[in-house]
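As a plain string of letters, each chain reads:
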Amino acid sequence: MEIALNLASVTSKNNSSLIGSLKSYCRHFLFLKASSIAILILLSFSSAISLGSSASAAEEAATPTKLYGTISGKDGAPLPNIGVAVIGPEGFAKDVATDAEGKWEVEILTKGTFNLTINQDDLPDGQALTDPTKSTVRANVFMLGVDLRLLFPIGPGVAKASTLERSAQLAVDGLILGLIIGLAALGLSLIFGTTGLTNFAHGEILTFGGLLLYYLSAIIKLPVLVAAPIAVLLGAFISGFLQDRYLWKPLRKRGTGLIAMLVVSIGLAIFLRYFFLFLFGGDTRQLPQYAGQAGLEIGLVNITPKSILTTVIGIIFIILATFWLLRTRMGKASRAVSDNPALASASGIDVQKVIKAVWILGAGLATYAGVIVTVNQGVSFLMGQDMLLLIFAAVTLGGLGTANGALVGSLIIGLFVQLSTLFIPTELKYVGALIVLIIILVVRPQGILGKKERIG
Amino acid sequence: MQKPKSIDASFALTTSPTPGSAKSDPILVADKIARQFGGLTAVNVDHLEVQRGSITALIGPNGAGKTTFFNLLTGYDTPNSGTWSFNGRALNGIPPHKVARLGMVRTFQLTKALYRLTVIENMALGARGQKGESVLRSVFPWMWRAQEAEIRERATAILTNFKLIEKQDDFAAALSGGQRKLLEMARALMVEPEMVMLDEPMAGVNPALKQSLLEHIKELRTEGKTVLFVEHDMDMVHEISDWVIVMAQGEIIAEGTPASVMGNQQVIEAYLGAHHNEDLSANQEGA
Amino acid sequence: MDFLFIAQQTLSATIGVNTIIFALAAIGLNMHFGYTGLLNFGQAGFLAIGAYSVAVPVISFGIPLWIAFLIGIFNSVIFALLLGVPTLKLRADYLAIVTIAAAEIVRQIARSATFNEWLGGSDGITGKFGKDFFALNPFKSGLDTPILRFNANDLWVVITGWSLVAAITFVMWIMVNSPWGRVMRAIREDEDAVRSLGKNVYLYKMQSLIIGGVIGSMGGFVYALSRQSVQPDNYGTALTFFAYTVLILGGAARVFSPVVGAMIFWFLIVFIEQVLRQGVTNNVIPHWLIGVNQVSQIRFMLMGLGLMALMIFRPQGIFGDKKELALDAKA
C-alpha cells in the first residue's frame with residue numbers, strides 16, 4: 001500500500017482569532033517547559049546511574065577471574081540463598097550462595113576445569129532444575145582474566161505440581177504475558193496502520209519505561225505507586241510525542257521510504273539498547289519495594305498481589321484504549337487513517353493530529369507494559385529486545401494494522417508461550433511461539449483478522 | 001516463429017453477434033468463470049470464445065471487471081469457479097509464468113517497465129529459452145555469449161521497428177509514459193507469443209504515439225498473432241478491431257462487430273446509465 | 001595518546017578478520033537484497049549455521065575439517081530452503097519478520113541447555129577444531145610492522161579469507177552480468193512483469209536465497225575458525241543489522257561494494273574505539289563520563305547512530321547512484 005500522507009495539514013481554525021493565537025502560544029510554551037524538564041531529568045538520570053556503574057567498573061579492574069551467575073525461577077524472579085558448591089584443580093573447593101538478587105560468584109585463581117554443583121534442596125517449592133540429574137555444570141577456564149557466566153536451568157518443578165495445577169498456573173501466566181505483549185502490540189499495530197512504519201525500536205519503549213520507574217523509585221526514592229504513573233506519563237511524552245515529532249515526522253515530510261524508515265528504526269533500537277546498557281549496566285535490577293513479595297494461593301494458582309494489581313490496571317488501560325478507539329472522535333479517526341490514510345485525509349481528518357495521538361497512546365501503553373515487567377521481574381537493558389519478537393509475532397498473527405488483531409494475537413502468543421512449557425523445555429518456549437508464527441504466516445498471511453490484499 | 005495462419009477475415013460476418021457466441025476457430029475458450037471478493041461479484045462470464053488471428057477488443061465501463069478477467073485468464077488470480085483453455089490446453093491452476101510460456105503474454109494497465117534496467121536489457125529479458133538464465137550456466141560466459149548476441153540482434157530489430165532504438169542504452173525510467181507502453185509491447189513480442197493480451201495499451205499515450213501503437217497492433221495480426229485488448233478509446237476500438245466484446249458488472253452483455261456494438265442499446269445504457277436520455281429536472285426528485 | 005598504535009590497530013583491522021567476516025555476510029545480503037530485493041533479516045542465522053557446522057562435527061564427532069565445510073554448505077542450503085519455501089510468496093515485510101524469527105530460533109536452540117551436549121549451550125564451543133586448517137599455515141611468525149600487525153594464525157586467516165572473498169566476488173560479478181543476473185535485477189523491480197515473460201520467479205528467488213545464504217555461512221566458517229570458538233550470542237539480530245549497515249555503506253547492488261563497505265565500517269569502528277580507549281586510559285576523557293569497560297558500549301551506540309545517519313542522509317552509500325537508489329520503498 002502506498003501511503004500518501006496529506007502533508008498540508010489542516011491547522012486549527014482558531015488561529016486567526018486572538019484567543020486562538022493565545023492558545024497556540026500557551027501550548028508552545030508549555031511544550032518548551034515540558035521538554036526542558038524532560039531533558040533535565042534525562043541528564044540527572046544519566047549521571048546518577050553512570051556514577052553507579054563506573055564505581056563497580058573500578059572495582060572490577062582490580063579483581064582476578066570469577067565464575068558467576070544468576071539463579072532465577074522459571075518466571076524470571078530471582079531465587080536467593082541457593083547454595084552452589086565449586087570444586088576445581090589443585091584441591092580448590094568453595095561453597096557460595098545466591099544473594100537477594102539471585103546472584104552468586106566465586107573467584108578462581110588457576111586455569112583448569114571446575115565443577116559447580118547446585119544444592120537442589122535449597123530450591124523453593126515449585127522451582128527445580130529442568131533435569132535434576134544435571135545438577136553439575138562444568139566450566140573450562142583456559143584463560144585467566146575472562147569471567148565466565150554459568151547457567152543452571154530452572155524449570156517448572158518436576159513432580160512437585162500436578163499437570164492440572166501447572167496448566168492453570170501457566171494459563172494465568174500466559175494471560176498476563178499476553179496482556180503485556182498486547183499493551184505494546186496495540187501501539188505498534190496502530191503506528192503501522194497510520195504511518196506504515198514497522199518500528200523495530202518499539203521494544204526499547206518498554207525498557208525505557210522500566211528504567212524510568214527504576215530511577216524514580218530506586219534513585220529518587222518515590223514510592224512505586226507514585227513513581228509508576230509518573231513513569232507512564234513521561235514515557236508517553238518522551239517515547240511517543242517527542243519521538244514522532246523529532247524523528248519520524250521530519251522523515252515522513254522528506255518522503256523517506258518505508259523500508260528506509262524501517263532500517264532507521266533498527267539503528268535507533270541498537271543505539272538505545274547500548275545507551276541503556278551504558279547508563280545502566282548489564283544486570284537485572286529490582287525495584288526497592290515489593291521485590292520479594294510472596295504469592296497468594298488462589299484456587300490452583302499462585303499469584304503475587306503486585307501481579308494482580310498491575311494486571312488489573314493493565315486490563316483497565318486496554319479497555320480505556322479500546323473505548324477511545326471505538327467511541328471518541330479521535331479514536332475513530334485513527335481507525336480511519338489506519339485503514340486508508342489518503343481517503344481519511346480527503347474527508348477532512350487531520351492526519352497529523354491522529355498520528356500524534358496514536359504515538360502518544362501507543363507509547364504510553366508500551367511504557368506501562370515495561371512497568372508491569374519491572375515491578376514483577378526487574379528491569380534490564382535487554383528487556384525490550386526480548387519482547388520485540390513476541391510483539392511482532394502477535395501483531396502479524398492478529399493481522400498487521402488492526403487493533404483487535406493485535407490484542408487477539410497477543411493473547412494467543414502469550415498463552416502459547418507459557419502453555420507450551422508443558423511439552424517443551426522452558427528455555428525453548430519462545431522458539432515454539434516463533435514456529436507458530438511462521439506456520440500461521442504460511443497458511444494465512446493476512447493474519448487472523450487482517451484483510452487479504454488484491455494483486456494487480 | 002510459426003507460419004502465419006490464414007486469417008479468416010470473414011469470420012466477423014459469419015459469427016453470431018450474441019454474448020458467448022461460438023467462433024469458427026477459437027484460440028481461447030472460457031466457461032463459467034466467476035470471481036467474488038467478499039460479497040461482491042467481480043466477474044461472472046458464462047461463455048467466451050476468442051477467434052484465432054483476430055484483433056478483439058474488450059470494452060466496458062470502469063469496474064466492469066475487465067482487468068480482473070485478464071488476471072484470471074493469465075493466472076495472476078484464481079477464479080472461484082470456471083474452466084478455460086488456450087489452444088485446447090486447460091489453464092486451470094497454471095501459474096502465470098507457465099501461461100506465458102504456452103504462448104499467452106499480457107501487458108499491464110500500470111506499465112511495468114523495469115526501471116533500473118536499460119531498454120535493451122528489458123527487451124533481452126523477454127526472450128525465451130535463454131541458456132544464460134540457468135544459474136549453473138551463467139557462471140560460464142562462453143556457454144551463452146552466442147545466444148545473447150542473437151537475442152540482442154532480434155531486440156534491436158524490434159526496437160528499430162518501434163522507433164525506440166536510440167534509447168536502447170537508457171534506463172527505462174528515463175522514457176516517457178507512452179514510450180514505456182511501447183517498450184512493454186515490444187518486450188512482449190520478444191517472448192514470441194501466439195496471443196497478446198494488452199491491458200489499456202493507449203492509456204496516457206499522446207495522439208502521435210497512439211497511431212504508431214495502432215500500426216504495431218495491426219502488424220501483430222499480419223504476423224498471425226491473436227490480440228485481445230482492453231480499451232476505452234472508442235475511435236481506436238472502431239478503427240482496428242475485428243470483433244468487440246462488452247463487459248458490464250462482471251458479465252458479457254454484448255458481442256459483435258464494432259458498428260453493431262456501438263449501436264447496441266444495452267451497451268449505451270451500461271456506459272451512460274439507464275436514464276441518460278431523460279430530462280434532468282425529471283430526475284431530481286428521484287436522485 | 002599513542003597515535004602510531006591507533007594507526008596500526010586501525011589499519012590492521014581494516015583488512016583484518018572481522019572485515020572478511022562482514023564482507024562475506026554482506027556479499028550474501030547483496031545477492032539477497034541488493035540484487036533480488038529479498039528482505040532477509042536472518043543472515044546471522046546462516047553465519048551461525050556455518051560456524052556450528054565447522055565446530056560441532058570436528059569436536060563432537062571427529063569428522064575432518066574439510067568434510068565439515070561441506071556439511072556447513074549443505075546445512076545452509078537446507079536452511080535456505082526451509083526459509084524460502086514458506087516465505088518467498090509473501091510480501092516483503094512478512095519475509096523480514098519470518099527471517100528474523102528463524103535466525104532467533106537458530107540462536108535459541110544453539111544456546112539452549114537442552115542441546116548443551118552437542119552445541120555447548122550459552123557458552124558455546126571452544127576447541128581446536130581448526131587444527132587441520134592452521135597446520136597448513138606457512139607463516140611461523142606473524143607480521144609485525146609499524147602499520148600492520150597480525151599474529152601467525154590471524155595472518156593465515158587473513159590471507160586465505162581474502163582469497164575466498166576475491167574468488168566469490170569474481171564469480172558474483174560474472175553471474176550478475178549474465179542473463180541470470182538480469183532476471184534477478186528484474187525481479188527486484190517487478191515480479192509480476194517477470195512472470196508475464198515466462199520466468200519462474202519463485203525458482204530464481206530461491207536460488208538467490210541459497211547462494212546468498214551459503215556465502216553468509218562462509219562468513220561463519222571464518223568467524224569460527226579465526227577464534228577457534230563459537231558463541232551463540234554473537235549471532236544475534238545485531239549481526240544481521242550490522243551486515244546491512246556494511247552493505248548500505250558500500251552502496252547496495254555493486255559487486256565490490258560490500259567489501260569496501262566492510263573495510264570502511266571496521267576502519268571507523270576500530271579507529272573510534274582505539275581513540276576512546278586511549279582517551280580514557282590517558283585521562284583525556286574523564287572517568288565519570290566513560291568507564292574503561294564502557295568503551296565497547298559506546299562503540300555499539302555509535303554504530304546504531306551511524307546506521308540511522310546513513311539511512312537518513314546517504315542511503316545510496318558511498319558508491320551508489322542516487323538515481324539508482326536501492327532502498328526505494330514499495331510497500
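Presented here is an overview of the structure given in this document. Please read all numbers here as calculations on a predicted model, not as lab measurements.

A look at the overall build of chain B
Then comes step 1: Regarding its fold elements, chain B presents 12 helices and 10 strands.
Then comes step 2: Over its C-alpha trace chain B gives a radius of gyration of 20 Å, about what one expects of a compact globule, namely 19 Å for 287 residues.
Then comes step 3: Taking the contacts inside chain B whose residues are at least 6 apart along the sequence as the reference set, 67% of them involve residues at least 24 apart.
Then comes step 4: When the accessible area of chain B is evaluated, it comes to approximately 12800 Å², of which 52% is carbon and sulfur surface.
Then comes step 5: Separation between the mean location of the 28 positive side-chain charges and that of the 33 negative ones in chain B comes to 10 Å.

So, the sheet that holds strand β3 (residues 55–59) of chain B
Residues and elements named next belong to chain B.
Then comes step 1: Across the sheet, 6 strands lie side by side as β6-β7-β8-β3-β9-β10; this open sheet has mixed pairing. Each end of this open sheet is capped by a strand with a single partner; those strands are β6 (104–106) and β10 (251–256). Recorded for the sheet is a direction-independent mean angle of 20 degrees between the axes of neighbouring strands.
Then comes step 2: Taken together, the 5 bridges between strand β9 (residues 243–248) and β10 define a ladder with antiparallel strand orientation. By the bridge assignment for β10, Ile 245 is matched with Glu 255.
Then comes step 3: The strands that helix α8 (residues 207–222) touches are β3, β7 (195–199) and β8 (226–230); relative to β3, the one it contacts most, it runs at about 130 degrees.

Observations regarding the pattern of salt bridges
Then comes step 1: Taken as a whole and judged by the stated rule, the model has 33 salt bridges over all chains.
Then comes step 2: Taking the shortest distance from any N to any O, the salt bridge between B:Lys218 and B:Glu215 comes out at 3.8 Å. Linking B:Lys218 with B:Glu215, this pair stays in helix α8, spanning 3 residues, or about one helical turn.
Then comes step 3: What emerges from the salt-bridge pattern is a single network uniting C:Glu104, C:Arg107, C:Arg111 and C:Asp233.

Let's talk about the nonpolar core
The nonpolar side chains of a soluble globular protein tend to be buried with one another.
Then comes step 1: In this structure, A:Phe200, A:Trp248, A:Ile391, A:Ile413 and C:Phe41 are the most contacted members of the largest nonpolar core, which totals 228 residues.
Then comes step 2: Counting residues in each nonpolar core, the second largest holds 44 residues, with B:Ile120, B:Leu159, B:Met236 and B:Val244 among its members.

Description of the pairing of strand β4 (residues 103–107) of chain A
Residues and elements named next belong to chain A.
Then comes step 1: Residues Trp 104 and Val 106 point to one face of β4 and are all buried, whereas Lys 103, Glu 105 and Glu 107, pointing to the other face, are not buried.
Then comes step 2: Pairing of strand β1 (residues 66–70) with β4 involves 5 bridges; the strand directions are antiparallel. Of the residues in β4, the one forming a bridge with Leu 67 is Val 106.

What about the side chain of B:Lys66?
Residue and element names in this part refer to chain B.
Then comes step 1: Inspection of the secondary structure assignment puts Lys 66 in helix α2 (residues 66–74).
Then comes step 2: At 3.3 Å, the side chain of Lys 66 and the backbone oxygen of Pro 61 are in polar contact.
Then comes step 3: Residues in contact with Lys 66, not counting those within four places in the same chain, are Leu 58, Ile 59, Gly 60, Pro 61, Val 230, His 232 and Met 247.

Digging into the packing of helix α3 (residues 43–61) of chain C against helix α11 (residues 201–227) of chain C
Residue and element names in this part refer to chain C.
Then comes step 1: Axis separation between α3 and α11 bottoms out at 6 Å; the angle between their running directions is 50 degrees. Comparing their axes, α11 and α3 come out oblique. For the element pair α3 and α11, the recorded crossing hand is right-handed. Contact residues: Gln 43, Phe 46, Leu 47, Gly 50, Ala 51 and Val 54 in α3; Leu 209, Gly 212, Gly 213, Gly 216, Ser 217, Gly 219, Gly 220, Phe 221, Tyr 223, Ala 224 and Leu 225 in α11.
Then comes step 2: Each residue belonging to the contact of α3 with α11 can be placed in one class, and the counts come to 9 nonpolar, 8 polar and no charged.

Focus on a positive patch on the surface
Residues and elements named next belong to chain A.
Then comes step 1: Where like charges cluster on the molecular surface, the positive patch consists of Arg 245, Arg 329, Lys 353 and Lys 356.
Then comes step 2: Considering the arrangement of structural elements, one finds Arg 329 in helix α7 (residues 329–339).
Then comes step 3: Residue classification places Arg 329 among the exposed positions, given a relative accessible area of 76%.

Structural notes on the packing of aromatic side chains
Between two aromatic rings, the relevant description is the distance of the centres plus the angle of the planes.
All names here are of chain A.
Then comes step 1: Applying the stated rule across the entire model yields 29 aromatic pairs over all chains.
Then comes step 2: Ring geometry for Tyr 214 versus Phe 280: centroids 5.5 Å apart, planes at 85 degrees, classification edge-to-face. Here the residue Tyr 214 occupies a position in helix α3 (residues 202–219), and Phe 280 occupies one in helix α5 (residues 258–280), the gap between them amounting to 66 residues.
Then comes step 3: Under the relative-accessibility criterion, Phe 280 is labelled buried at 1%.

A look at the interface of chain A and chain C
Then comes step 1: On the chain C side, the residues contacting the 52 residues of chain A number 49 residues.
Then comes step 2: The largest share of the area that chain A buries against chain C comes from A:Ile259, A:Tyr274 and A:Phe278, three residues that together contribute 13% of it.
Then comes step 3: Our count for the chain A to chain C interface comes out at 0 salt bridges.
Then comes step 4: The tally of links between chain A and chain C comes to 2 residue pairs in polar contact (both at pLDDT 80 or more).
Then comes step 5: Those elements giving two or more residues to the side of chain A that touches chain C turn out to be α1 (18–62), α4 (224–254), α5, α10 (383–398) and α12 (429–443) of chain A.
Then comes step 6: No other element matches the 15 residues that α5(A) contributes to the side of chain A that touches chain C.

Scoring rules and cut-offs
- Residues numbered from 1 in each chain as written.
- Chains lettered and ligands numbered in written order.
- Predicted model: local features only at pLDDT ≥ 70, side-chain atom pairs only at ≥ 80, totals over all residues.
- Heavy atoms only, no water.
- Helix = DSSP H or I, 4+ residues; strand = E, 2+ residues; numbered from the N terminus.
- Rg over C-alpha atoms; globule rule 2.2 N^0.38 Å.
- Contact = heavy atoms within 4.5 Å.
- Areas by Shrake-Rupley, 256 points an atom, 1.4 Å probe, with all protein chains shown as cover.
- Lys, Arg positive; Asp, Glu negative; His and termini not counted.
- Charge placed at Lys NZ, Arg CZ, Asp CG, Glu CD.
- Pairing = 2+ DSSP bridges.
- Axes fitted to C-alpha atoms, helices over the stretch in contact; angles between N-to-C directions.
- Salt bridge = Lys/Arg side-chain N within 4 Å of Asp/Glu carboxyl O.
- Core = buried A, V, L, I, M, F, W, Y, C linked by side-chain atoms within 4.5 Å.
- Buried < 20%, exposed > 50% of the residue type's maximum accessible area, 1.4 Å probe, protein only.
- Polar contact = N/O pair within 3.5 Å; in protein donor to acceptor, adjacent residues only side chain to side chain.
- Parallel < 35°, antiparallel > 145°, perpendicular 65-115°, else oblique.
- Left-handed = near helix turned anticlockwise from the far one by under 90°.
- Nonpolar A, V, L, I, M, F, W, Y, C, P; charged D, E, K, R; others polar.
- Patch = residues over 30% accessible without salt bridge, like charges linked within 9 Å, V, L, I, M, F, W, Y side chains within 5 Å.
- Phe/Tyr/Trp six-rings, centres within 6.5 Å; stacked < 30°, edge-to-face > 60°.
- Buried area = accessible area lost by both parts, 1.4 Å probe.

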